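# Coordinate inspection notes
Spelled out from the first residue to the last, the chains are:
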Amino acid sequence: MKIFNRIWTKTLGFIVLLAFTAFFIVPVIWLLLAPTKTDHQLIFGNPFSFGSFHNLAHAIRVTFTYQDYALLTWVKNSAIYSFGGIAIALVASIPAGYALAFTNFIGRRTLLGITLFVMIMPATALVLPLFLEANAVHAIGSPISVILPFSFFPFGVYLSYIFYSSSVPRDLLNAARIDGCNEWNVFRKIALPLARPVVALVAFFAFVANWNNFFLPFVMLPSNSNYPLPIGLQDLLSSTPAFNPGIGGDVPILRPELAVATIVAMAPVLIVFLFAQRSLVSGMLAGATKE
Amino acid sequence: MSPVYLDTLTKIYPNGYEAVHDFDLEVEDGELMVLVGPSGCGKTTVMRMVAGLERITRGTLRFDDRVMNDVSPKDRDIAMVFQNYALYPHMTVGENIGFALSMRKLPKSEVRKKVKETAEILGLEEWIDRKPGQLSGGQRQRVAMGRAIVREPKVFLMDEPLSNLDAKLRVQMRAEVTRIQRRVGVSTIYVTHDQVEAMTMGDRVAVMRDGHLQQCAKPQEVYDNPVNIFVAGFMGSPSMNLFEATLNENADAFKLGSQSLKLSAGVLAMKPALKKYANSRIVVGIRPESLNAPGPQTQKGDDDVSLAGEVDLVEALGSELLVHFSTDAVRVEAEGAVSEDAEGLDAGLIAQRGAGVARVEPGAQVTLGGTTTFSLNPSRLYFFDSSTGLSIVD
């Protein structure tokens, strides 16, 4: 009876897992197979069929050459905005978390509370005031109007604070002070090297948030050459006859080409995730182990 | 190397809590001074004030003739061994030990040389390139010591460095630490709650309670002549048996419960102050080893008095027996909070059933559940004022 129960539970569990996996993975498989088919095949053929390499080559060529290799420009822009944002975010949040965890200053608790509060505010709500600010300093259209807001990352501050207050014992810093470190060296030689897991964590989350951000660059950047990938994708979408019947052109952007562009937009996040995975896990568990 | 002078050191926290009160201490050059006391007595706070990790509210701290109150920790030229070692986990053993030297911008070759010498003293040579996470507790403790020794500081501060080690290792490391301290000859303040460490390691022992210094003297002196009930009960294991007693009219005998014990003329001559307590209540202290049970090795002295007790438990240690007995006397507890049902007793005393412990020879004739009559030499008795807790001397 017990064995029957176990087999039944395991099978049920397996079925449920399979169902959920299918739910998430089927669209991705469809997406990966889409560039190998023609537009017609995509709609009327079997969703899981493999088209041909010829179709694949054509789709890739058309997508990349669209508007003079615009896709590559968009990738470049996305990279600049994201990495620029991450760099500034890291420079700001790691020391901020350290200070919140270990120093005692007036308003520390208030600041922590405000950080938490701002963290849960939707970024979209801030876009309009940010636009007005950027406009006032004539920054509209320049990369800085995107990079600076991208680097505003209270979640990073909070992660850093949690990490420092739970994983770095105060006495470790006191030992450094007794060993002759001034406050800057305590941070640079002891606290910062220990923060490797949280740097990876913050960088990852900041990257994902920034790479996929649509609304802010949409509002700040009017010119095509400045577009990051999400905006570019939308541009591409509006050139697809299927989605925009009025459009015409030499070589139309059809759905397989759109699929190529989407894959190009997705790939970096996947790659970053694969590399960051190890640090992510140890970073998440940082609070569990004490020295 | 320099002597350390603590002059009426006081620490009051912002919320008003007074952790240390008017603390006076002199640590001589090269001396190992042990600060001992129960948890929360303020010993770690005193040490952190010496280190510069806590601000001194009142009083003066001097290393030799230089006032250190406002000097930052990095400029005090001290070295500290923390209870949890506080080793830098991202650096190797060698880098940990040499960290302070490299902060002082010494040339790399010299740092390496000193680190190697220190590692040799501590037996750490083969682990120089390992990280602390790969070492055992005892090894980490030695690295922490190495980090302190290599700096040749003016003062060593050790905050319960052995408390995280298992019992056997602790005994070994006790001797190691003492040996190293003697070899290096640096004035050391050693904080512990373990009175065995205090007795075996200290050149002098300073007993603390509730932020106050109780007594500071050589270990044997603190053991033989405790200045009050607290020190008497704290030093020594098993702790001193303390009972309420009443002195008779001539102060030449006292009643312990229903038993009467006579004091010889010699005892009275040594402690004439006892006369002032005639007909009043005092507290009598008897060290467990002063009580002898009848046995092949016991020799009864002429002045010996008897104390009968019902045997509750016998612990055989091999070299001796610990006999737990009870009497109808009122037991006095030296430590801990005063309970609500304490009746008119001051100085932190609470009454318990008249239980005591005797340390007797392994061949003694004691039967569990039976009554044993212990003999003891009255000159080894201790007497304390029951309201102030102070020892009755002279």
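Thresholds, definitions, all that
Residues numbered from 1 in each chain as written. Chains lettered and ligands numbered in written order. Predicted model: local features only at pLDDT ≥ 70, side-chain atom pairs only at ≥ 80, totals over all residues. Helix = DSSP H or I, 4+ residues; strand = E, 2+ residues; numbered from the N terminus. Rg over C-alpha atoms; globule rule 2.2 N^0.38 Å. Buried ≥ 20, exposed ≤ 12 C-beta atoms within 10 Å, placed from the backbone. Pairing = 2+ DSSP bridges. Axes fitted to C-alpha atoms, helices over the stretch in contact; angles between N-to-C directions. Contact = placed C-beta atoms within 7 Å. Nonpolar A, V, L, I, M, F, W, Y, C, P; charged D, E, K, R; others polar. Parallel < 35°, antiparallel > 145°, perpendicular 65-115°, else oblique. Left-handed = near helix turned anticlockwise from the far one by under 90°. Domains from an automatic or database assignment. Expected span 1.5 Å × (residues − 1). Arc of directions from axis to C-beta.

## Description of the overall build of chain A
Looking only at helices and strands, chain A features 14 helices and zero strands. Taking 19 Å as the expected radius of gyration for a compact globule of 291 residues, we find that chain A reaches 24 Å, considerably beyond that expectation. Within the span of chain A, comprising 291 residues, buried residues form 30% of the whole.

## A few points about the overall build of chain B
A tally of regular secondary structure across chain B gives nine helices and 19 strands. Projected onto the principal axes, the alpha-carbon positions of chain B cover approximately 75 × 45 × 40 Å. Counting only residues that meet the buried cut, chain B has 42% of its 394 residues in that class.

## Considering the sheet that holds strand β10 (residues 212-217) of chain B
Hydrogen bonding along the main chain pairs the strands of a sheet, whether they run parallel or antiparallel. Residues and elements named next belong to chain B. One open sheet holds the six strands; their spatial order is β6-β7-β8-β3-β9-β10, and the pairing between them is mixed. Every interior strand has two partners, whereas the edge strands, β6 (78-81) and β10, have only one. The average angle at which neighbouring strand axes cross in this sheet is 15°, direction not considered. As paired elements, β6 and strand β7 (residues 155-159) share four bridges and run parallel to each other.

## Structural notes on the pairing of strand β4 (residues 58-63) of chain B
Residues and elements named next belong to chain B. Alignment of strand β1 (residues 4-12) against β4, held across five bridges, turns out to be antiparallel. Within the sheet, the bridge partner assigned to aspartate 7 lies in β4 and is threonine 60. Alignment of β4 against strand β5 (residues 66-67), held across two bridges, turns out to be antiparallel. Looking at the pairing, phenylalanine 63 lines up with arginine 66 of β5. Following β4, the chain reverses through two residues before pairing antiparallel with β5; aspartate 64 in that reversal takes a positive phi of roughly 60°.

## Some points on the sheet that holds β1(B)
All names here are of chain B. Taken together, the four strands give an open sheet; going across it, the order is β2-β1-β4-β5, and neighbouring strands pair in antiparallel fashion. A strand with exactly one partner marks an edge of an open sheet, and here the two such strands are β2 (18-27) and β5. In this fold helix α1 (residues 43-51) packs onto β1, β2 and β4, with an angle of close to 115° to the strand it touches most, β1.

## Concerning the interface of chain A and chain B
Listed per partner, the contact involves 15 residues of chain A and 17 residues of chain B. Secondary structure elements with two or more residues in the side of chain A that touches chain B: α9 (170-178) and α10 (183-194) of chain A. Ranked by the residues each element gives to the side of chain A that touches chain B, the list is headed by α9(A), at six residues. In the side of chain A that touches chain B, the residues fall into eight nonpolar, three polar and four charged.

## What about unusual backbone geometry?
All names here are of chain B. Following serine 237, the chain continues to proline 238 via a peptide bond in cis, the omega torsion being 0°. Turning to its location among the elements, proline 238 is positioned in the loop between α8 (229-234) and β11 (241-247). Phi at aspartate 22 is positive, roughly 45°, even though this residue is not glycine. Along the chain, aspartate 22 falls in strand β2. A count of 14 C-beta atoms within 10 Å places aspartate 22 in the partly exposed class. One non-glycine residue with positive phi stands out, namely alanine 251, at about 55°. Locating alanine 251 in the fold gives a position in the loop between β11 and β12 (253-256).

## Looking at the packing of α9(A) against α10(A)
A packed helix pair is summarised by two numbers, namely the angle formed by the two axes and the spacing between the axes. All names here are of chain A. It is the contact of α9 with α10, at a shortest axis distance of 10 Å, that shows an interaxial angle of 130°. One finds that α9 runs oblique with respect to α10. As α9 packs across α10, the resulting crossing turns out to be right-handed. Touching Leu172, Leu173, Ala176 and Arg177 of α9 are Val186, Lys189, Ile190 and Ala191, all from α10. Here the contact of α9 with α10 is built from residues that sort into six nonpolar, no polar and two charged.

## Some points on the environment of Ile190(A)
Topologically, Ile190(A) is positioned in helix α10. Since 23 C-beta atoms lie within 10 Å of it, Ile190(A) is described here as buried. In the structure, Ile190(A) is positioned 113 residues away from Asn77(A) in sequence and 35 Å away in space, judged by C-alpha atoms. Contact partners of Ile190(A), with chain neighbours within four places excluded, come to Leu172(A), Leu173(A), Ala176(A) and Tyr88(B).

## A word on the pairing of strand β3 (residues 32-36) of chain B
Residues and elements named next belong to chain B. When you tally the buried positions in β3, you get five out of five residues, the bulk of the element. Taking every second residue as pointing to the same face, both faces of β3 are buried, with Leu32, Val34 and Val36 on one and Met33 and Leu35 on the other. Alignment of β3 against strand β9 (residues 204-209), held across four bridges, turns out to be parallel. Paired with leucine 35 across the bridge in β9 is alanine 206.

## Focus on the domain arrangement of chain A
Residue and element names in this part refer to chain A. The assigned domain composition of chain A is domain 1 (2-65) and domain 2 (70-284). Each of domain 1 and domain 2 was reduced to a C-alpha centroid, and the two centroids are 31 Å apart. Among the elements of the structure, α1 (2-33), α2 (39-44) and α3 (53-65) are those that each provide at least two residues to the side of domain 1 that touches domain 2. Examining the composition of the side of domain 1 that touches domain 2, we find that six residues originate from one element, α3, more than from any other. Across the side of domain 1 that touches domain 2, the residue classes tally to nine nonpolar, three polar and two charged.

## Concerning the domain arrangement of chain B
One frequently used descriptor of interface size is the decrease in accessible area upon assembly of the parts. Residues and elements named next belong to chain B. Here chain B is described as being made up of domain 1 (4-226) and domain 2 (234-385). Look at where the C-alpha atoms of domain 1 and domain 2 centre, and you get two points 38 Å apart. At the level of elements, α6 (195-201) and α7 (219-224) are the ones that each hand at least two residues to the side of domain 1 that touches domain 2. Per-element tally for the side of domain 1 that touches domain 2: the top contributor is α6, with three residues. Classifying every residue of the side of domain 1 that touches domain 2 by side-chain character gives seven nonpolar, one polar and no charged.

## Some thoughts on the packing of helix α4 (residues 70-102) of chain A against helix α8 (residues 154-167) of chain A
All names here are of chain A. Put simply, α4 and α8 touch, their axes get as near as 7 Å, and they point 45° apart. Considering the angle they form, α4 stands oblique to α8. Seen from above, α4 lies across α8 with right-handed handedness. Contact residues: Ala89, Ser93, Ile94, Ala96, Gly97, Tyr98, Leu100, Ala101 and Phe102 in α4; Gly156, Val157, Ser160, Tyr161, Phe163, Tyr164 and Ser165 in α8. By residue class, the composition of the contact of α4 with α8 is eleven nonpolar, five polar and no charged.

## Focus: α10(A)
Residue and element names in this part refer to chain A. A rise of 1.5 Å per residue sets the reference length of α10, with its twelve residues, at 16 Å; its end C-alpha atoms lie 16 Å apart and thus fit the reference within 8%. Every buried residue of α10 is accounted for by Val186, Ile190 and Ala191. The arc that holds the buried residues of α10, viewed along the axis, is 85°, so those residues lie on one side. In this structure, α10 carries Trp184, Arg188 and Pro193 as exposed residues pointing more than 90 degrees from its buried face. Residues of α10 that are buried make contact with α4 and α9.

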